[in-house]
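# Analysis of the macromolecular model
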Amino acid sequence: MSTIDSVLTETRVFEPRADFVAQANISGMAGYRALCDEAERDFTGFWARLARENLQWSRPFTRVLDETNPPFYKWFDDGELNVSYNCLDVHLANGNADKTAIIFESDDGSTTRVSYRELLARVCRFANGIKALGYKTGDRAIIYLPMSIEAVVAMQACARLGITHSVVFGGFSAKSLQERIVDVGASLVITADEQMRGGKRIPLKPAVEEAFAMGGCEAVRKVIVYRRTGGDVAWNDGRDVWMHDVERGQPELCEPVQVNAEHPLFVLYTSGSTGKPKGVQHSSAGYLLWALLTVKWTFDLKPDDIYWCTADVGWITGHTYITYGPLAAGATQVVFEGVPTYPDAGRFWELIQKHKVNLFYTAPTAIRSLVKAAEASPPHHPRNYDLSSLRVLGTVGEPINPEAWIWYYNQVGGGRCPVVDTWWQTETGGHMITPLPGVTGLKPGSCTLPLPGIMAAIVDEAGGDVELGKGGFLVIKRPWPSMIRTIWGDPERFKKSYYPEDLGGRYYLAGDGANRDADGYFWIMGRIDDVLNVSGHRLGTMEVESALVAHPLVAEAAVVGRPDDLTGEAVVAFVVLKRARPEGEEGARIARELRDWVAKEIGPIAKPKDIRFGDNLPKTRSGKIMRRLLRVVAKGEEITQDVSTLENPAILEQLGKSL
């Protein structure tokens, strides 16, 4: 029996505690089923009710869903509102004006607190300054900033004026920045002199200059620069202006611009299979509605909670679960500039202890790396910190291995905090399939059940539903408010990528392979191109990774395929041990042991043909494993892609050596 098969049938279910059921925002399975039944009975009425109850409209909508031109769906498209107003101004009237909105912890440990009243004033001053420079609704702005209050202010100020923003992660290269400036047609760039990460200064403004030197950025009229460190930067007097000068003397009131519900709030670029980034376009009303609802539902947010999402605003997680959702919900949240291992591997646990964090949301890659760090440095094990404030734990970015899930649940959550393993994408705008505290019995490694109103299914190559326990393609059968509207400037690519004719052009294709157990729980097997075909047998890379990480020596593993003359595809495993990287005969011995382990856990067909040991895996600065690069390494090909986003590019050479 394979690891996935055994998990589907034998995994212990962690049932919700009675106190969660009694107090949860969605109470028990009966409450969840009632919402799902409402959506089934009256799909548009369900969404209309939620939109009217949760958002403030300057012009109420009368149309809920326009399906006349699929897959270019429109939601609430005759209504008008302002996203920034719904995130900030509403709290001046509901008693939250002086509530802390953001607790900002800088790289060096200093802390700044900002109330909703103060945050609104800062956003208004900056928005007025931008407006004074001649920018208006319909313009596009690139935001290239470090994790900071200023990044949130810049995004909210753009939303206040109806300026469509596109945030570029501060770890991206000048070439990536230039491509995005050109593709989105930006006329404004907001950046910083430098950023601080792990005690190091990392320049940002020089990358802007380099991007401009590449050409194609002539539409940019102004570059606004946040002085983060006071580092020396090249300066263009006619174009560049300091952020504090833009804000100086500006009023603390700025009338929000009311926009159509379908107005593009932002464009966020994500990797495409061809290597060319895709500009994922999101709307204003539908996106904000789902950001707000999922913060409340998934994290069971309470008025006094301290919430912390460790993502960067350069990713969709930082958009939905830092800049928009928590603020619309009136939450108090931690925003962190640094990295989890600086000045030591206990930084996350120290912050939770210091700020009494209740809701903690991070990536499986971060958890797995901290497992290894805790083994290597026992004083920085989470058990040595007071984490008793924690109530809900979350994971985001990729499926979490059951072994890491158990460690997270027991060692960080003390065996009392539900783990919400969220499945969603840049394109979905917010959570789609996830456990709910007080509702869902938890199975380590499963994202469990779709949220109310999300019509998720698993289909075969022709779009037909598959039986429970059979793998297939994960799809969403009905549109939802926060869905991608199009790929910026390329509607045909949007249709081909997400609504392929192979499935009749009627289902949203997530690009993930998935399975569903007898309880209806979803298990993500990995990207469709990460489902291997070995001698005619389909293997999910997640399945093999889970087996490897279950071995007591293994801290992390990433599995990819490479062409093989005999089996069609061969399994290649990149492994990080909980001890020093082995070499020579010792490495060969451990590799044999791991191959036999996988054969025992899954079957001989799943044994990795190659095992490469590394000190770590190639990850972006946000902790995402770059499996695309690992495929190139596995094939023995030269890497020609941009690796400047990696935290550790030198690791690729180390991983190129096989045993």
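Criteria and cut-off values
- Residues numbered from 1 in each chain as written.
- Predicted model: local features only at pLDDT ≥ 70, side-chain atom pairs only at ≥ 80, totals over all residues.
- Heavy atoms only, no water.
- 1 Å grid on protein atoms, 1.4 Å probe; cavity = no way out; pocket = protein on both sides within 12 Å on 5 of 7 lines; lining within 4 Å.
- Points joined across faces, edges and corners; volume = space filled by probe spheres on them.
- Nonpolar A, V, L, I, M, F, W, Y, C, P; charged D, E, K, R; others polar.
- Phe/Tyr/Trp six-rings, centres within 6.5 Å; stacked < 30°, edge-to-face > 60°.
- Helix = DSSP H or I, 4+ residues; strand = E, 2+ residues; numbered from the N terminus.
- Buried < 20%, exposed > 50% of the residue type's maximum accessible area, 1.4 Å probe, protein only.
- Lys NZ or Arg CZ within 6 Å of the ring centre and 35° of its normal.
- Salt bridge = Lys/Arg side-chain N within 4 Å of Asp/Glu carboxyl O.
- Core = buried A, V, L, I, M, F, W, Y, C linked by side-chain atoms within 4.5 Å.
- Contact = heavy atoms within 4.5 Å.
- Pairing = 2+ DSSP bridges.
- Axes fitted to C-alpha atoms, helices over the stretch in contact; angles between N-to-C directions.
- UniProt positions renumbered as here; feature names shortened; annotations may be inferred.

## Comments concerning empty space enclosed by the protein
The final tally for this structure, using the stated rule, is four cavities of 30 Å³ or more. Approximately 50 Å³ is the volume found for the second largest cavity. As for the second largest cavity, its lining consists of Asn82, Val83, Ala159, Gly162, Ile163, Thr164, Val259, His263, Pro264, Leu265 and Ser284. Residue classes in the lining of the second largest cavity are distributed as six nonpolar, five polar and no charged.

## A short note on the packing of aromatic side chains
Using the criterion set out here, one finds 39 aromatic pairs in the structure. Taking the centre distance of 5.1 Å and the plane angle of 90° together, the rings of Tyr321 and Trp424 count as edge-to-face. Taken as a pair, Tyr321 in helix 12 (residues 316–328) and Trp424 in the loop between strand 20 (419–421) and strand 21 (456–459) lie far apart in primary sequence, 103 residues in all. Comparing Tyr321 with Trp424 shows no difference in burial state: the two are buried. When the centroid spacing of 6.1 Å and the interplanar angle of 70° are considered together, the rings of Tyr499 and Tyr508 count as edge-to-face. Members of the aromatic cluster, connected to one another through ring pairs, are Phe43, Phe46, Trp47, Trp57, Phe61, Trp75, Phe76, Trp290 and Trp297. The ring of Tyr521 carries Lys443 above its face, with NZ or CZ at 4.7 Å from the centroid.

## Looking at helix 13 (residues 347–355)
Those residues of helix 13 that fall on the buried side of the exposure criterion are Arg347, Phe348, Trp349, Leu351, Ile352 and His355. In the stretch just after helix 13, Lys356 is the one whose phi turns positive, near 55°.

## Describing the pattern of salt bridges
Enumeration over the complete set of coordinates arrives at 43 salt bridges. A salt bridge links Glu583 to Arg581, with the nearest nitrogen and oxygen atoms 3.5 Å apart. We classify Glu583 as exposed; its relative accessible area is 53%. For Arg581, a relative accessible area of 28% translates into the label partly exposed. Linking Asp596 and Lys607 is a salt bridge whose minimum nitrogen-to-oxygen distance equals 3.8 Å. In this pair, Asp596 is assigned in helix 18 (residues 584–601) and Lys607 in the loop between helix 18 and strand 30 (610–613), connecting sequence segments 11 residues apart. When its relative accessible area of 33% is taken as the criterion, Lys607 is described as partly exposed.

## What to know about the nonpolar core
Membership of the largest hydrophobic core comes to 148 residues, with the highest contact counts inside it found for Trp47, Phe76, Leu119 and Phe126. Considering each element in turn, this core owes the most residues, 10 residues, to helix 7 (residues 149–161). Leave out the neighbours within four places in its chain, and Leu119 touches Leu88, Ala101, Ile102, Val114, Ile149, Val153 and Leu327. Formed by 31 residues, the second largest nonpolar core is a distinct cluster that contains Val334, Leu393, Ala404 and Val412.

## Concerning the sheet that holds strand 22 (residues 472–476)
In space, the four strands of this open sheet follow the order 21-22-24-25, with antiparallel pairing throughout. Of all the strands in the sheet, the pair left with one neighbour each is strand 21 and strand 25 (522–527). Neighbour-to-neighbour, the strand axes of this sheet turn through a mean angle of 45°, independent of strand direction.

## Some details on the UniProt feature "modified residue: N6-acetyllysine" (unreviewed entry) in the protein chain
Under the feature "modified residue: N6-acetyllysine" (unreviewed entry), the UniProt entry names Lys624. Within the secondary structure, Lys624 sits in the loop between strand 30 and helix 19 (627–635). Owing to a relative accessible area of 51%, Lys624 belongs among the exposed residues under this scheme. The contact partners of Lys624, leaving out residues within four places of it in the chain, are Thr365, Pro618 and Lys619.

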